[in-house]
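Each chain, letter by letter, is given below.
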Amino acid sequence: MRSLYSKLKIPVMLVVLYGLPFVTQDPYVMHLANMAMIYSILALSLNVLTGFTGQFSVGHAAFYGIGAYTSGLITVKLGWPIWAGFIAAGVIAGLAGLLLGIPTLRLRGLYLAVATLGFGEIVYQILVNWVSLTNGPKGLTGVPSPTIGPWRLDMYHSYYYLSATALIVVVFLVYRLYYSRVGRAMLAIRENELAAEAMGINSTYYKITAFTISSFFAGIAGALYAHEIMFVSPESFVNAESVSILCMMVVGGVGSIPGSIVGAIALTIIPEYLRAVGDWRLVLYGAVIVLMVTYAPQGLGGWITALDHWLAGTGHYRSGRAKKDKVAAEV
Amino acid sequence: MGTPLLKTQSLSISFGGVHAVDKVDMEVEKGQVFAIIGPNGAGKTTFFNLVSGYYFPTGGTVTFKGEDITRLKAYERTRRGIGRTFQNIMLFRELSVLDNAMVGLHSRLKSNLIGAFLRTRATREEEERGREEVRELLHFVGLDGHEDNLAKNLPYGMQKRLEIARALATRPELLLLDEPAAGLPTQELSSLVEIIQKIRDRGITVILIEHKMDVVMSISDRIMVLNFGEKIAEGTPEEVRHNQAVIEAYLGKEE
Ligand SMILES: Nc1ncnc2c1ncn2[C@@H]1O[C@H](COP(=O)(O)OP(=O)(O)O)[C@@H](O)[C@H]1O
Ligand SMILES: [Mg+2]
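This text gives an overview of the structure that appears in the document. What you see is a predicted model, and the numbers here were worked out from it, not measured in a lab. (Residues numbered from 1 in each chain as written. Chains lettered and ligands numbered in written order. Predicted model: local features only at pLDDT ≥ 70, side-chain atom pairs only at ≥ 80, totals over all residues. Heavy atoms only, no water.)

Quick word on the site of ligand 1
Residue and element names in this part refer to chain B.
Then step 1. The full set of residues close to ligand 1 is Phe15, Ala20, Pro39, Asn40, Gly41, Ala42, Gly43, Lys44, Thr45, Thr46 and Tyr55.
Then step 2. Backbone polar atom of Gly41 to an oxygen atom of ligand 1: 2.8 Å apart, as the coordinates give it.
Then step 3. In terms of residue count, the dominant contributor to the shell around ligand 1 is helix H1 (residues 44-52) (three residues). (Near = heavy atom within 4 Å. Polar contact = N/O pair within 3.5 Å; in protein donor to acceptor, adjacent residues only side chain to side chain. Helix = DSSP H or I, 4+ residues; strand = E, 2+ residues; numbered from the N terminus.)

If you want it as C-alpha cells, here you go:
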C-alpha cells in the first residue's frame, strides 16, 4: 500500500494535470488553470530567491513583466518565432535580475524588500511611459499564439498543455537545483551566511546566481502569460502583482517546492469565489495571510510534506531535504 | 623546520580604540596542536577571525604556507586549507546532519549549474563519492545514525561535533577550533580530546582556543597566552604553567 503510494504519486499527479482539459474546456476555467500554472512558476521562481538563499523580493512582477514584454515585442514587432520569444524573455529577465542582484547584494531584509519594490515601480513606469517601444498604457495587441506542429494553441484549453508542461519543466529544474551542490550552497547561505563562507562558499556569487535564475524563470512565466491572453499591458505588472506572488509563496511555505504550487493554485482560484464580497476580498486575503504566517509559518508546504511522509511510511516528519538520497534517486 | 604553516606578524585590529588584537607575532609548525588561552575578552576569537578572514586587520600580516593571505576573503582562505568552527555554534539549522557536512565539501566538488540541471553522470558520481566521504567523517566524530536528523534537533554536544565534521569536510591543513569543550559535560571531554588527537594524527594542524586547562595541557604541543589583545607568553605547556606573567594574568585568578 505504502510503496504503491510512492510509485503512483507522480503518475497520478500527471494524469490529473494533463487530464483537466478532458473534463472541461470551459474558457473561463481553462484560463484560470493557465493562470494557476503561470503563478506556480512565478511563486517557484521567487522561492529560489527567498526560499533557497533567503533574499526577499517584493518586485518580482518586474521580471514577469520584462519577460512578457520581451516575448511580446520580439514576436509582434520583429516577427521572430515564438520559441525565440520565450528564450529571449528568460534571458532578458535573467539579465535584469543579474543587474538588480549586484547593487542590492549588501541589502538584507527590509532594505532589500524596499529596493526590489522600487525596481518594480521603475519597470512599471518604463512600461507605461516608453510609449514608442511599449505602446504605453494602451498595451501591446496582437501577440501571436504558438503552434506546435499541426496544433495551434489559440484556445485556452489547448494552450493549457503548454503551460502545464512549462510548469513541469520548471518544477523538475528547481528540484534538481535544490538537490545539487549549487542548491546546497544557496541553502547554506540562507541558514547562515558566515558559516557558509567558512565552507568555502562565495556567497556573493551564489546570491547573484539565485537572482538570475529566479528572474529567468519569472521571465518565462511572463512570456507564457503574453502568448496566453495575446495582449500585454502595464497593469498586469503593478506592484500589487508582486505582493500576490509573494503571498502565494508565503502561504505555500517559504522554501517548499510543492508549497509554492499549492499556494499559487489556491490564491489563483480562491479570489474568484470571493468576487461576490467585493473589496472585502482583499481584507479576507490579508487576514488569511496574517493567520498563516503567525500560526503556520511552514505554510501549506509543511502539511503537504508531513502528509507525504506519512503516506509514504517514512516515519515522522523531519525535513524534505532529509530524505535526499531517496528523492535524488527519483528525480 | 622550513616555513611555518601559519605565521602572523604584528597582527593587530582595534574596534573604536579597543585594541582587541595587538601586534601579535606567532608561528605554528605543521603537525602541531597549538593552543591559545587567555581570559574572556582577551582577543582569542578575534585572532581567529583575523586568521580565517572574517576581520581584516588594521595592521600586520597573516601568512599561510608562505603566501600572504592578509587580504583574502574567508571563503578563499577555506579553499587554501584553513577550516574553522565557531564559538557560538553556527550550523545550518534547518538542514540535515548529512547536508551540513556535504556543504563542507563545497569547494572540493565541481558540479555547477549545468551539472545540476542536467544531472550529468559526473555530477551523480561526484555526489555519491561526496556522500561516502561525509559519512566517514560523521562516523569519525561519532554521529553515525544521525545523518537524517535536522541539525537543530541534535543535542548540544553533537552539534559541536557536527561543526568539527563539517570543517573537516573542507579538507583543511589548518583547523581552528574555538572552544570545542565549552559547555560539554565532563563525560564527553575525553572523547573530544580523542577526536582532536585523531585529527592531528591525520596530519592536520590544529589551533585550539580553550578554557578547560586539563584539555589544553593534555593535548597541546605549544600554548600562546593572550591578555588584552597582547601576547604575553608562549611555550610548551610546562613553560606556560610556570610563567609568572601568565600566572598573574590568568591562571592565578582561576586556580
Ligand atoms: N566586531 C566587533 N566590534 C567591536 N568590538 C569587538 C568586535 N569583535 C570583538 N570585539 C571586542 O574585542 C575584544 C576581544 O573579544 P574576543 O576576541 O571575542 O575575546 P575572547 O574570544 O578572547 O573571549 C572584546 O573586548 C570584544 O568586545
Ligand atoms: Mg571567544
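A word on the packing of aromatic side chains
In this description, an aromatic ring pair is defined by two values, namely the gap between the centres and the angle between the planes.
Then step 1. On inspection of all chains with the given rule, the structure shows 14 aromatic pairs over all chains.
Then step 2. Between the aromatic rings of Tyr175 of chain A and Tyr179 of chain A, the centroid separation amounts to 6.3 Å while the plane-to-plane angle is 5°, which identifies the pairing as stacked.
Then step 3. For Tyr175 of chain A, a relative accessible area of 24% corresponds to the partly exposed category.
Then step 4. Ring geometry for Phe216 of chain A and Phe217 of chain A: centres 5.8 Å apart, planes at 70°, overall edge-to-face.
Then step 5. You can call Phe216 of chain A partly exposed: its relative accessible area is 31%.
Then step 6. Over the ring of Phe92 of chain B we find Arg166 of chain B; its NZ or CZ atom is 4.7 Å from the centre of that ring. (Phe/Tyr/Trp six-rings, centres within 6.5 Å; stacked < 30°, edge-to-face > 60°. Buried < 20%, exposed > 50% of the residue type's maximum accessible area, 1.4 Å probe, protein only. Lys NZ or Arg CZ within 6 Å of the ring centre and 35° of its normal.)

Some words on the coordination of the magnesium ion (ligand 2)
Around a metal, the perfect tetrahedron of four donors has angles of 109.5 degrees, and the perfect octahedron of six donors has angles of 90 or 180 degrees.
All names here are of chain B.
Then step 1. Around the magnesium ion (ligand 2), the donor atoms from the protein are Thr45 (OG1) and Gln87 (OE1), and they sit 2.0 to 2.1 Å away. Taken together, the positions of Thr45 in helix H1 and Gln87 in the loop between strand E6 (82-84) and helix H3 (97-104) put the pair 42 residues apart, joining distant regions of the chain.
Then step 2. Note on Thr45: relative accessible area 24%, which makes it partly exposed.
Then step 3. Its relative accessible area of 30% is what places Gln87 among the partly exposed residues. (Donors = N, O, S within 2.8 Å, 3.2 Å for Na, K, Ca; no water.)

Let's talk about the packing of H3 of chain B against helix H5 (residues 121-140) of chain B
Residue and element names in this part refer to chain B.
Then step 1. Remark: H3 packs on H5, axes separated minimally by 9 Å, with the N-to-C direction vectors making an angle of 110°. By the angle between their directions, the pair H3 and H5 is classed as roughly perpendicular. Relative to H5, H3 is oriented so that their crossing is right-handed. Contacts from Val97, Leu98, Ala101 and Met102 of H3 reach H5 at Glu127, Gly130, Arg131, Val134, Arg135 and Leu138.
Then step 2. Broken down by class, the residue content of the contact of H3 with H5 amounts to six nonpolar, one polar and three charged. (Axes fitted to C-alpha atoms, helices over the stretch in contact; angles between N-to-C directions. Parallel < 35°, antiparallel > 145°, perpendicular 65-115°, else oblique. Left-handed = near helix turned anticlockwise from the far one by under 90°. Contact = heavy atoms within 4.5 Å. Nonpolar A, V, L, I, M, F, W, Y, C, P; charged D, E, K, R; others polar.)

With respect to a nonpolar patch on the surface
Then step 1. A surface patch of nonpolar side chains, about 580 Å² in accessible area, is lined by Trp83, Ile87, Val91, Ile92, Leu95 and Phe216 of chain A.
Then step 2. In terms of residues, the nonpolar patch owes the most to one element, helix H4 (residues 82-101) of chain A, which gives five residues. (Patch = residues over 30% accessible without salt bridge, like charges linked within 9 Å, V, L, I, M, F, W, Y side chains within 5 Å. Areas by Shrake-Rupley, 256 points an atom, 1.4 Å probe, with all protein chains shown as cover. Salt bridge = Lys/Arg side-chain N within 4 Å of Asp/Glu carboxyl O.)

Observations concerning the pattern of salt bridges
Then step 1. A complete count under the given rule lists 23 salt bridges over all chains for this structure.
Then step 2. We note a salt bridge from Lys9 of chain A to Asp308 of chain A, for which the minimum N-O separation is 3.1 Å. On the criterion of sequence distance, the pair formed by Lys9 of chain A in helix H1 (residues 2-23) and Asp308 of chain A in helix H14 (residues 299-312) is long-range, its members being 299 residues apart.
Then step 3. A salt bridge links Asp201 of chain B to Arg200 of chain B, with the nearest nitrogen and oxygen atoms 3.8 Å apart.
Then step 4. The class of Asp201 of chain B is exposed, set by a relative accessible area of 60%.
Then step 5. Look at Arg200 of chain B and you get partly exposed, because its relative accessible area is 23%.
Then step 6. Several salt bridges converge on common partners, so that one network encompasses Arg184 of chain A together with Glu127, Glu128 and Arg131 of chain B.

Things to note about the interface of chain B and chain A
How large an interface is tends to be reported as the accessible area lost when its parts come together.
Then step 1. Of the residues lining the interface, 38 residues belong to chain B; the matching set on chain A comes to 34 residues.
Then step 2. Counting each side, the surface lost to burial between chain B and chain A is near 3,300 Å², with a carbon and sulfur contribution of 59%.
Then step 3. In terms of surface lost to chain A, no three residues of chain B exceed His106, Phe117 and Arg119 of chain B, which account for 21% of the buried area on that side.
Then step 4. Across the contact surface, chain B and chain A share one salt bridge.
Then step 5. With a closest N to O distance of 2.9 Å, Glu127 of chain B and Arg184 of chain A form a salt bridge. (Buried area = accessible area lost by both parts, 1.4 Å probe.)

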